[in-house]
Amino acid sequence: MRCLVIRMTSQHTKNFRLTVLNPGGRDPEQQFHSVPVPSEGPHPPINFHAFAACTFGAFHRDTRRAAGEKTPVLLLLRSDFRASERALTDLKKEGRTVAVSLKETGLHQIAHQLRDPAKLSRFMKIVTQADACIATTPESAEIYQRVRSKHDPATVAFIPTPYPIMDQRWDFSVPRNEHSGIFVGTREWDVPSRNHFAALLVARELCEATDEPVTVVNLDGHKGLRLLGEFNFPEGKLRLIEKWKSYPDYLRDVARHKIVLQLDRSYVPGQVAGDALLCRIPCVGGDGSIERIAFSKTCGEGRTINEVASMASDLLKIPKLREVVVAESQEHARERLSFDAARTQLAKFFANVLRHVGF
């Protein structure tokens, strides 16, 4: 019997496909028959789209079409959760195996969503009634496990959002001699846990000490410019990105820097660090899931602002150190964050869930 289970699991992994459903969302249907090249398709294969892309599955916003894929479904919980609740009922009627996840999973985002009694009630009901939960952060996994305290713990898994790092078409690296400056990874002034103000203070200090320019994303118009003006960056050293760019164009901007710097303490999935992986540059100072996995030696978890600033200074000054951090981050990413790694983990998880729900 043991050999049979292993053989079934191996075959299941090879053929496994996942449908991601964001009911009533804005993103259109997207079939991932292969990993798309940059700028191909309506959405890049990152964040929750990556779970569909890494399994050559599909991303939907219509429940009926998602059920028609005849695959397991990852159902995203968004807005007031009403559409997600209806979708769960409809999918279960169709016999689909359904795992759920909050679409926004930073701790501050979870707190904001669940402060409303009606939304909290729906959340508790959905998480309890689903077959399983997939968490993109360890912290949200612990929340799901406690809500599902009467269910088997094996029906909750932390699976970080993967990135197509093994696909050379998604390698946005540039030659080392073209690297210059610091890219500030945060941009939200009004979210306390992002620590954007503190990150800008550190960036200015590093700029003054190393003469490296600083790039900041400002999508707040004149108000943002006034705030940035108060920092008095050295003349000509502050670069601004002031309009939305396509994801590939954004990555090309990021890739020209020596480091990505942030002081985010939001415990988010970690797209900033994922972008740094695709750009092959170090990410310093945040505590997102991807940063803790790929950039464990430079992440901000358990480190003071002074310690982060010191690490960033060393990385700006020592090219060899940057190369070591990038090499280690790519190795960790291949093992835990690549599309192959995620597909294997997803296939094994859903196979295990099927055994627990009695199929």
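Relevant structure appears above.
My aim in this report is to walk through the structure given alongside it, one point at a time. (Residues numbered from 1 in each chain as written. Predicted model: local features only at pLDDT ≥ 70, side-chain atom pairs only at ≥ 80, totals over all residues. Heavy atoms only, no water.)

1. Remarks on the state of the cysteines
Condition: Disulfide: a pair of cysteine sulfur atoms within 2.5 Å of each other. Exposed residues in this analysis have more than 50% of their type's maximum accessible area, buried residues have under 20%, and partly exposed residues fall in between, with area computed by a 1.4 Å probe over protein chains only.
Evaluated as defined, the whole model comprises 0 disulfides. Sulfur of Cys207: no disulfide; nearest cysteine sulfur belongs to Cys283 and is 19 Å away. Judged by relative accessible area, which is 2%, Cys207 ranks as buried. Note on Cys283: no disulfide assigned, nearest cysteine sulfur contributed by Cys299 at a separation of 9.5 Å. Judged by relative accessible area, which is 0%, Cys283 ranks as buried.

2. Some remarks on the packing of helix α6 (residues 117-129) against helix α7 (residues 138-147)
Selection rule: Inter-axis angles, ranging from 0 to 180 degrees, are taken between N-to-C directions of lines fitted to C-alpha atoms, where helices are fitted over the stretch in contact. Only runs of H or I of at least four residues qualify as helices and only runs of E of at least two qualify as strands under DSSP, and these elements are numbered from the N terminus. Our angle categories are set so that under 35 degrees counts as roughly parallel, over 145 as roughly antiparallel, 65 to 115 as roughly perpendicular, and the remainder as oblique. We call two residues in contact when some of their heavy atoms are within 4.5 Å. Side-chain classes follow a simple rule in which Ala, Val, Leu, Ile, Met, Phe, Trp, Tyr, Cys and Pro form the nonpolar group, Asp, Glu, Lys and Arg form the charged group, and the remainder, Gly included, forms the polar group.
As a packed pair, α6 and α7 sit with axes 9 Å apart at the nearest point and diverge in direction by 85°. Between α6 and α7, the angle is such that the two are roughly perpendicular. Every residue of α7 that contacts α6 at Phe123, Met124, Val127 and Thr128 is listed here: Ile143, Tyr144 and Val147. When the residues that make up the contact of α6 with α7 are grouped by side-chain class, the tally is 6 nonpolar, 1 polar and no charged.

3. So, the sheet that holds strand β4 (residues 73-77)
For the record, the criterion: Strands are treated as partners if at least two bridges between them are detected by DSSP.
Taking strand neighbours across the sheet as the criterion, the 7 strands line up as β2-β3-β1-β4-β5-β6-β7 in an open arrangement whose pairing is mixed. At either end of the open sheet lies a strand with only one pairing partner, and these are β2 (30-31) and β7 (156-158). Across 3 bridges, the pairing between strand β6 (residues 132-135) and β7 is parallel. Bridging from a neighbouring strand, Cys133 pairs with Val156 of β7. Packed onto the sheet, helix α4 (residues 82-93) meets β1 (19-21), β4 and β5 (98-102) and runs at close to 160° relative to β4.

4. Description of the pairing of β6
Our working rule: Handedness of a crossover is defined as follows: orient the strands so they point away from the viewer, and if the path from the first strand over the helix to the second runs clockwise, the crossover is right-handed.
Here β6 shows two buried faces, one formed by Ala132 and Ile134 and the other by Cys133 and Ala135. Sheet analysis places β5 next to β6, joined by 2 bridges and oriented parallel. When the sheet's bridge partners are listed, Val100 is paired in β6 with Cys133. One crossover worth recording links β6 to the parallel β7 by way of α7, and it is right-handed.

5. Considering the sheet that holds strand β10 (residues 238-241)
The sheet built from 5 strands is open, its strands ordered β10-β9-β8-β11-β12 with parallel pairing. Of all strands in the sheet, those bounded by a partner on one side alone are β10 and β12 (283-284). With 3 bridges connecting them, strand β8 (residues 182-184) and strand β11 (residues 259-261) associate as parallel partners. Counted as the bridge partner of Val184 is Leu261 from β11.

6. Here we look at the environment of Phe295
Residue position: Phe295 is located in the loop between α12 (289-294) and α13 (305-317). Judged by relative accessible area, which is 1%, Phe295 ranks as buried. Spatially, the C-alpha atoms of Phe295 and Val326 are 8.3 Å apart, while their sequence positions differ by 31 residues. Once residues within four sequence positions are removed from consideration, Phe295 is found in contact with Ala273, Ala276, Leu277, Ile281, Pro282, Cys283, Ile290, Val325 and Ser329.

7. A short note on the environment of Pro36
Its place among the elements puts Pro36 in the loop between β2 and α2 (47-54). Considered as a pair, Pro36 and Ala50 are 14 residues apart in the sequence and their alpha carbons are 11 Å apart. Residue contacts for Pro36: discarding those within four places in its chain leaves Pro45, Arg169 and Trp170.

8. Examining unusual backbone geometry
You will see that Ser79, though not glycine, has its phi angle at about 55°, which is positive. At Arg280, a residue that is not glycine, the phi angle is positive and equals roughly 60°.

Without other data, these values stay purely geometric and don't point to any function.
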